[in-house]
Amino acid sequence: MKSGKIVCLCLLGFSFLFLLFLNKKEEGNSLDKAYQELVVQLDSLAVYKYNFELDAQFTGTRIENLECQTEDGRQVRLSDMVENGPVLVYRYADINCNVCIEAEIEVLHKNFKGQEDRVLLLCSYQLDRDFLIFKKINKIRFPFCRIPKDALKWGVEKPNNPYCFVLHPDLKVSNVFVPDKSFPNMNELYLQGIKRLIEK
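A few points on the structure.

**Notes on the overall build of the protein**
Each helix and strand counted, the protein has five helices and seven strands in total. Burial statistics for the protein: of 200 residues in total, 36% are counted as buried. For the protein, the share of sequence-separated contacts (at least 6 apart) that also reach a separation of at least 24 residues comes to 68%.

Written as structure tokens, this is what we have:
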């Protein structure tokens, strides 16, 4: 009888310790989740700050009226592409992250459906074949302009990342933004704001 009580007490004690252990583990998981959320928020704040500083630095910059090649092979000037008002320019090169470029073009298609003429893809490809394949695979509906990789000589090109900006008819730049696939909501907000800006 005494040994049965001892066994019951031991089982009860082990059950209590096990429940205490599970409770502490859940608290630890909650702390881990809170820490991970904090890290994501800090990262998003860093991306926002980077884009804010980039935009502040380059808004108002006038870019050179470069000669570029359209998708049908014509040679035009950048000013020809903005003669009907400001356009959102998505600048990338064939050496950039292909997945990032494809994802951004998909988002652009979604946000500018029916307004494809308000977006300009300003790209650099070493080989014509790569350009044509990329265009066909991604069913691009936006106007393209190809320029040499080093044609734009301004600080936004340095990080070698795809980026967006609004190009105005006077060839001044505004709303410079480097999309980050880790923060799609930030990109969506940017594109919605740009859409309102260039529709005016």
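Anyway, onward from the coordinates.
**Quick word on the environment of K135**
Locating K135 in the fold gives a position in helix α4 (residues 128–137). Residue K135 is classed as partly exposed on the basis of its relative accessible area of 22%. As a C-alpha pair, K135 and E71 span 64 residues in sequence and 9.3 Å in three-dimensional space. Discounting chain neighbours no more than four positions away, the residues touching K135 are E71, I140 and F144.

**Side note on the pattern of salt bridges**
Inspection of the entire model under this criterion finds seven salt bridges. A salt bridge links R74 to D72; the shortest N-O distance between them is 3.2 Å. Under the relative-accessibility criterion, R74 is labelled partly exposed at 47%. Classification of D72 as exposed rests on a relative accessible area of 53%.

**Focus on unusual backbone geometry**
Both trends apply: most residues other than glycine have a negative phi, and most peptide bonds are in trans. Positive phi is not limited to glycine here, since L171 has a value of about 65 degrees. Its relative accessible area of 8% is what places L171 among the buried residues. Phi is positive for N175, which is not a glycine, with a value near 55 degrees. Position of N175 among the secondary structure elements: in strand β7 (residues 173–177).

**Comments concerning the sheet that holds β7**
Reading across the sheet, the seven strands line up as β2-β1-β5-β4-β3-β6-β7 and stay open at both edges, with mixed pairing between neighbours. Among the strands making up the open sheet, the edge pair consists of β2 (75–77) and β7. Here the strands of the sheet are splayed against their neighbours by 35 degrees on average, with no regard to which way each runs. Lying over the sheet, helix α3 (residues 98–111) contacts β3 (87–93), β4 (119–124) and β6 (163–167), oriented at roughly 165 degrees with respect to β3. Lying on the sheet, helix α5 (residues 184–199) is in contact with β3, β6 and β7; it crosses β7 at an angle near 165 degrees.

Thresholds applied
- Residues numbered from 1 in each chain as written.
- Predicted model: local features only at pLDDT ≥ 70, side-chain atom pairs only at ≥ 80, totals over all residues.
- Heavy atoms only, no water.
- Helix = DSSP H or I, 4+ residues; strand = E, 2+ residues; numbered from the N terminus.
- Buried < 20%, exposed > 50% of the residue type's maximum accessible area, 1.4 Å probe, protein only.
- Contact = heavy atoms within 4.5 Å.
- Salt bridge = Lys/Arg side-chain N within 4 Å of Asp/Glu carboxyl O.
- Pairing = 2+ DSSP bridges.
- Axes fitted to C-alpha atoms, helices over the stretch in contact; angles between N-to-C directions.

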